[in-house]
Amino acid sequence: MYQFPKDLYTDVRIETVSNTNITLENYQVTQNKAKTDIGAMIRIYDGSRWYYSATTDVANIQQEIDALAKMAEPNTEVYNTPVVKRLEVNVEKAFTYEDTDVTKIDNQIKLELLQSYIPVLKEYEQLKMTRMYYLDKHIVKHIVSSKGTDVTFDTQTCNIAIRYTVQMKDVPHQGSENLSGLRIEDLYNKQSKVKKTVEQDIAFCQNAVPVVQGKYTCILSPVVTGVFAHESFGHKSEADFMVGDETMKREWAIGKRVGADILNIIDTGTVEGSGYIPFDDEGCKAKVNYIIKDGILTGRLHSGATAAILEEEPTGNARAINFEFEPIVRMTTTYIGAGTQTKEELIESVKEGIYIDDLRHGSGMTTFTIAPNRAYMIRDGKLAEPVRVSVISGNVMNTLYEIDGASNSIELYSFALGGCGKMDQYPLPVGFGGPYIRVHNIQVQ
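It should be emphasised that the depicted structure is a prediction, and the values quoted were computed from it without experimental measurement. (Residues numbered from 1 in each chain as written. Predicted model: local features only at pLDDT ≥ 70, side-chain atom pairs only at ≥ 80, totals over all residues. Heavy atoms only, no water.)

(A) Structural view of the sheet that holds strand E24 (residues 431-434). Here 6 strands make up an open sheet; going across it, the order is E12-E11-E10-E15-E24-E21 and the pairing mixed. If you trace the sheet from one side to the other, it starts and ends with strand E12 (296-297) and strand E21 (411-414), each paired once. With 3 bridges joining them, strand E15 (residues 333-336) and E24 adopt parallel strand pairing. Directly across from Thr333, in E24, lies its bridge partner Gly431. Each of strand E10 (265-268), strand E11 (288-293), E12, E15, E21 and E24 is contacted by helix H6 (residues 222-234), which is oriented at about 120° to E24, the strand it contacts most. (Pairing = 2+ DSSP bridges. Helix = DSSP H or I, 4+ residues; strand = E, 2+ residues; numbered from the N terminus. Contact = heavy atoms within 4.5 Å. Axes fitted to C-alpha atoms, helices over the stretch in contact; angles between N-to-C directions.)

(B) Seen up close, the packing of aromatic side chains. For the coordinates displayed, the defined rule picks out 11 aromatic pairs. Look at Phe153 and Phe279: their rings are 5.9 Å apart centre to centre, the planes differ by 40°, and that puts the pair in the tilted class. In this pair, Phe153 is assigned in strand E6 (residues 150-168) and Phe279 in the loop between E10 and E11, connecting sequence segments 126 residues apart. Phe153 sits in the buried class, given a relative accessible area of 2%. On the basis of relative accessible area, Phe279 is assigned to the buried category, the value being 1%. Their ring planes at 80° and their centres at 4.9 Å tell us that Phe228 and Phe368 sit as a pair that is edge-to-face. Here Phe368 lies in strand E17 (residues 367-379) and Phe228 lies in helix H6, a separation of 140 residues in the sequence. In this structure Phe368 comes out as buried when scored by relative accessible area, which is 2%. Here the aromatic cluster, defined as three or more aromatic residues joined through ring pairs, consists of Tyr9, Tyr45, Trp50 and Tyr79. Positioned above the aromatic ring of Tyr290 is the side chain of Lys293, whose terminal nitrogen or guanidinium carbon lies 4.4 Å from the ring centre. The ring centre of Phe241 lies 4.7 Å from the NZ or CZ of Lys422, which sits over that ring. (Phe/Tyr/Trp six-rings, centres within 6.5 Å; stacked < 30°, edge-to-face > 60°. Buried < 20%, exposed > 50% of the residue type's maximum accessible area, 1.4 Å probe, protein only. Lys NZ or Arg CZ within 6 Å of the ring centre and 35° of its normal.)

(C) Structural view of the pattern of salt bridges. Applying the stated criterion to the full structure yields 26 salt bridges. Asp11 serves as the salt-bridge partner of Arg43, at 2.7 Å between the closest nitrogen and oxygen. Placement of the pair is Arg43 in strand E2 (residues 28-45) and Asp11 in strand E1 (residues 9-25), with a sequence separation of 32 residues. Here Lys249 ties to Glu246 by a salt bridge, and the two come within 3.3 Å at their closest N and O atoms. Remark: Glu246 and Lys249 occur in helix H7 (residues 246-251); sequence separation between them is 3 residues, near one turn of the helix. In the salt-bridge network here, residues are joined through shared partners; they are Arg13, Glu15, Lys141 and Asp281. (Salt bridge = Lys/Arg side-chain N within 4 Å of Asp/Glu carboxyl O.)

(D) Seen up close, the layout of surface pockets. In this structure, the second largest pocket encloses a volume near 930 Å³. Together, 39 residues line the second largest pocket, and Asn19, Lys137, Ile139, Pro427 and Pro429 are the ones closest to its centre. At the level of elements, E1, E2, strand E5 (127-145), E6 and strand E23 (425-428) are the ones that each hand at least two residues to the lining of the second largest pocket. Classifying every residue of the lining of the second largest pocket gives 17 nonpolar, 11 polar and 11 charged. (1 Å grid on protein atoms, 1.4 Å probe; cavity = no way out; pocket = protein on both sides within 12 Å on 5 of 7 lines; lining within 4 Å. Points joined across faces, edges and corners; volume = space filled by probe spheres on them. Nonpolar A, V, L, I, M, F, W, Y, C, P; charged D, E, K, R; others polar.)

Structural data, given as structure tokens:
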């Protein structure tokens, strides 16, 4: 296919990205477009440094390879360097969505699907502003390398995102519902789910009172658990944060206890959804990576480069937001593993605490913060009045020891809008989730 230069490692990642974006503002169409972009990222490694080139001229990739090769220093030992030795050789075609490719569906059908949710919203005069989005994306990637990798695969997601403002008692409340699927059929007939969420938001806006600040035992819903895992621990597990930082290496030594016995945190690209990648952008196969198992740090997330530096193995986590960027260490689908209790048992165990049902956003490294959207007091083991909470926060390392209960099933989610940001690469699609978890000593404001 290509003439790879002698004594240099080369890989080529060609992406065909098709997406649809339909937007309604206050039920009027303001955007309805579909497009397909094709481009390639070419990398060459000479054992000392990487050389990159991104192009949309995929007919002339050989010229890009030749131009990069002129800048590199040929190295007869390049295939024996720690980085190249760790890059896997895979040959496979993994097409999952050929028969359900959303890009082959007429935009009018997608628009009518989105408009089918308008009557639900119009039932409620308390909604003063609405935005509705239909978004889909189908990506085909072909990755080849001078080491022998030749993999082709596709990924696909489709989403409906509904945003609205509830205005009651002069206090606005921002509400939302996300419908996510792998095929367009997954987005039909979800009106009852939207209706339930809108009614929850209206009731919350009407009845919520300011929370009394302090430390509480909190029950986190699966979506909140997922963002907590992603923001508080997932980013810490990305190995490039440790490269050159001896303090981080000591703090995050494999085998060190970092949390309660029941705590398991997993990252994997094998689960269909926003974080699904059968191969990463270096052609390494997706794996199920236990970052924490039974409270013990058992792994971290790697590209070929970070695995070589830390003398570990690639984990299938080298990802780029598109062909214009080089792959860096990123999460895929990150979640906390299931426990043994039910949601009801977790709540019944709390004398006075707070149930965090939904959130606006979260962030964290050493300290995590989550801004709840709907929260409720727990009194004598039962859900009580809704409370307005600005933020919950805590030290990550301390909080991991405060988790002492998890429900016996997990739920996984995808961001319908946005995604994960790191360095200048945003938004990257990722999955997240987990069970309901009980966490003590959370600072609530």
